[in-house]
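Fold and contact review
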Amino acid sequence: MNTEPTPHRAGFVSIIGKPNVGKSTLMNALMGERLSIVTSKAQTTRHRILGILNGDDFQLVYSDTPGIIQPKYELHNAMMSFVYSSLEDADVILFVTDIYEKHDEEPVVERLRKMVDTPILLLVNKIDQADQAEVEAKVEYWREHLPNATRVLPISALEKFGTGELLDLILGYLPVHPPYYPKDELTDKPERFFAAEMIREKIFKLYKKEVPYSCEVEIEEFKEDEDIIRMRSIIYVERASQKGIIIGQQGAALKKVGTWAREEMEKFFQKKVFLEIHVKVNENWRTDPKALSRFGYNQ
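As the structure is a computational prediction, the values presented were derived from the model and not from experiment.

**Describing the sheet that holds strand β9 (residues 272–281)**
Taken in spatial order, the 3 strands of this open sheet run β7-β8-β9, and their pairing is mixed. Among the strands making up the open sheet, the edge pair consists of β7 (216–224) and β9. Within the sheet, the average angular offset between the axes of one strand and its neighbour, ignoring direction, is 20 degrees. Pairing analysis gives 10 bridges linking strand β8 (residues 228–237) to β9, with the strands arranged parallel. Looking at β9, one finds that M231 is bridged to L275. Sheet strands in contact with helix α6 (residues 191–206) are β7, β8 and β9, and its direction is about 135 degrees off that of β7.

Here it is, written out as structure tokens:
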């Protein structure tokens, strides 16, 4: 009778890909928790967000990263630094594409071709929106263009199709290692971070064009009592005209943001939330290194 204990496996799994291919939806599906904001707009994820999935004999540390883009200003440079740093410490890479993605040669694909020592699971997402022939054509394309990919898997993160098989595959590639984080931790981010992200998600869903991309959210005060959390938050915009848009006529738009965010926070934190939101102008914060450092983009 074998009495040897099962070895504990632990490792870092980096989720990378272009904007809007479903990276955040995938991480939330794999975690069973809503840690990353999900909207129909591209580039909503700005940080590297760790999701820690624990089992008796394993610990998976997922990194949800910003969508891969050609940087246009300092914020983009900071976002891309999160992507590339996640590749450096990855034990497994999940390279997410989808059935709509146009194929062009990009630096990240070139970089992945050179990574022969790290397992790469290439995921063709959103197959629920395609027919079998389209899916097979995409899978074959990637087998040819990224031949060092360990596996090419068709999945639907939204419908959770293929995510169970994916989890089993990932676990098989993890090294034997003790846990990196306490077993009761779900993420490396503080509660303030998720509160700010919930507000920012509602901004993306309520406002159009450039306005959401010009916004950053800061939780200035976070006081938790036994039955209520009291928060004071600030939405920063780049121009005074954007401040007026965020607030809306007689404050109606800002009130809607606050109501939606508070309702989601109460589900997330499992207690009452009192949320106060103000709007301030911080001119050109996306190109200001000091502002970016203050908002946590100093990798």
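**Topic: the pairing of β8**
Counting buried positions along β8 gives 8 out of 10 residues, so the element sits mostly inside the fold. Pairing of β7 with β8 involves 8 bridges; the strand directions are antiparallel. Following the sheet pairing, F222 is matched in β8 by M231. Counting the residues in the hairpin turn of β7 and β8 gives 3 residues.

**As for the packing of aromatic side chains**
Applying the stated criterion across every chain yields a total of 10 aromatic pairs. An angle of 70 degrees between the planes, with centres 5.9 Å apart, marks the rings of F222 and F269 as edge-to-face. Of this pair, F222 sits in strand β7 while F269 sits in helix α8 (residues 252–269), placing them 47 residues apart in sequence. Exposure class is identical for F222 and F269. Each is buried. An aromatic cluster of at least three residues, connected via ring pairs, comprises F193, F194, F222, F268 and F269.

Cut-offs and rules
- Note on numbering: residues in each chain are counted from 1, in written sequence order.
- Confidence filtering applies because this is a predicted model: local features only for residues at pLDDT of at least 70, side-chain atom pairs given and counted only at 80 or more, and all residues used for totals across whole chains, interfaces and linings.
- Side-chain metrics rest on all non-hydrogen atoms present in the structure, leaving aside hydrogens and water.
- Paired strands, as defined in this entry, are two strands with at least two bridges between them according to DSSP.
- Secondary structure elements are defined from DSSP: runs of H or I of at least 4 residues count as helices, runs of E of at least 2 residues count as strands, and each element is numbered from the N terminus.
- The convention used is that axes are lines fitted to C-alpha atoms, helices contributing only their stretch in contact, and that angles between N-to-C directions extend from 0 to 180 degrees.
- Note on definitions: a residue-residue contact is assigned when non-hydrogen atoms from the two residues lie within 4.5 Å.
- When accessible area is computed with a 1.4 Å probe and restricted to protein chains, residues below 20% of their type maximum are described as buried, those above 50% as exposed, and intermediate ones as partly exposed.
- Stacked, edge-to-face and tilted are the three classes for Phe, Tyr and Trp ring pairs, Trp counted by its six-membered ring, which pair at centre distances within 6.5 Å; planes under 30 degrees apart are stacked, over 60 edge-to-face, the rest tilted.

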